[in-house]
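Structural characterization, general
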Amino acid sequence: MTQRIAITILVNGIERQAWVEPKTLLVDFLREELGLTGTHAGCREGVCGACTVIVDGRAVRSCLMLAVQANGAGVTTIEGLARGLELDPLQRAFVEHGAIQCGFCTPGLILTSRAFLEENPHPNEKDIREAISGNICRCTGYVKVVAAIQAVAGERR
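Residues numbered from 1 in each chain as written. Predicted model: local features only at pLDDT ≥ 70, side-chain atom pairs only at ≥ 80, totals over all residues. Heavy atoms only, no water.

1. Description of the pairing of strand 4 (residues 58–61)
Threshold: Paired strands, as defined in this entry, are two strands with at least two bridges between them according to DSSP. Put simply, DSSP H or I for four residues or longer makes a helix, DSSP E for two residues or longer makes a strand, and each gets a number counted from the N terminus.
Judged from the 4 bridges that link them, strand 3 (residues 52–55) and strand 4 form a sheet pairing that is antiparallel. The residue bridging Val55 from the neighbouring strand is Arg58, located in strand 4. If you look at the hairpin formed by strand 3 and strand 4, you'll find 2 residues sitting between the two strands, and Asp56 has a positive phi there, around 50 degrees.

2. Let's talk about the packing of helix 2 (residues 89–96) against helix 3 (residues 106–119)
The geometry of a pair of packed helices is captured by two quantities: the angle between their axes and the separation between those axes. To keep it simple, the criterion reads: Fitted lines through C-alpha atoms serve as axes, helices being fitted only where they are in contact, and the angles separating the N-to-C directions of these axes extend from 0 to 180 degrees. The scheme is simple: roughly parallel for angles under 35 degrees, roughly antiparallel for over 145, roughly perpendicular for 65 to 115, oblique for anything else. Note: crossing handedness is left-handed where the near helix turns anticlockwise from the far helix by less than a right angle, and right-handed where it turns clockwise. Contacts are residue-level and defined by heavy atoms, with any inter-residue pair within 4.5 Å sufficient. Charged residues are taken to be Asp, Glu, Lys and Arg, nonpolar residues to be Ala, Val, Leu, Ile, Met, Phe, Trp, Tyr, Cys and Pro, and polar residues to be all remaining types, Gly included.
Where helix 2 contacts helix 3, the two axes come as close as 10 Å, and the packing angle between them is 130 degrees. Taken together, the axis directions place helix 2 and helix 3 in an arrangement best described as oblique. Judged by the sense of rotation from one axis to the other, the crossing of helix 2 with helix 3 is right-handed. Where helix 2 abuts helix 3, its residues Leu90, Gln91 and Phe94 lie against Thr106, Leu109, Ile110, Ser113, Arg114 and Leu117. Split into classes, the residues belonging to the contact of helix 2 with helix 3 amount to 5 nonpolar, 3 polar and 1 charged.

3. Side note on helix 2
The criterion, for reference: For the exposure calls, accessible area comes from a 1.4 Å probe over protein chains only, and a residue counts as buried if that area is under 20% of its type's maximum, exposed if over 50%, partly exposed in between. Here the arc refers to the set of directions running from the helix axis out to each C-beta atom. Here a polar contact means two N or O atoms within 3.5 Å. Within protein one must be a hydrogen donor candidate and the other an acceptor candidate, and residues neighboring in sequence count only if both atoms are side-chain atoms.
Taken as a whole, helix 2 has its buried residues at Leu90, Gln91, Ala93 and Phe94. Summarising the axial view, the buried residues of helix 2 lie within an arc of 165 degrees, below the 170-degree limit, and thus occupy one face. Exposed and facing more than 90 degrees away from the buried side of helix 2 are Val95 and Glu96. Among the structural elements, helix 3 and helix 5 (143–155) are those in contact with the buried residues of helix 2. At the N-terminal boundary of helix 2, the capping side chain belongs to Asp88, with an oxygen 2.9 Å from the backbone nitrogen of Leu90. Of the residues one or two after helix 2, Gly98 is the one with positive phi, at around 65 degrees.

4. Some words on the pairing of strand 1 (residues 5–11)
Regular strands have side chains that alternate between both faces of the sheet. Judged from the 7 bridges that link them, strand 1 and strand 2 (residues 14–20) form a sheet pairing that is antiparallel. Bridge pairing in strand 2 places Ile5 opposite Val20. Counted along the chain from strand 1 to the antiparallel partner strand 2, the turn is 2 residues long, and its residue Asn12 has a positive phi close to 50 degrees.

Following this line, the structure appears as structure tokens:
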């Protein structure tokens, strides 16, 4: 019989309790146990950034973090950004600037950008490009992604 560990995680502002196997990845817990499929499982090696979520204010690759490591933490997924029908400013900017193509990388890019803008609310283009450099996008070429992030940073001024 496989050992299971009790965890409590505040996911998108809602306390979630579960029993998980010690080897359960956070990405799998979010997708399979909680049904939050906006967190995409891409490379499963921490390289592509598609699985990025925010854990206690930091952008984290959820394919490299065990669910038990998030015990007691606050986790934000893409589903937790919008307020009802009102999109988060980054979500809205990605739509308005055409920064969404196939959409696979989009949740990870948005959450990486959100955590980045919390640390650096007034970045320059070089800072933005460096911040998202760990998020692979095969469709956009990043120009529109950078423009969307710059627009949100400009709104904050």
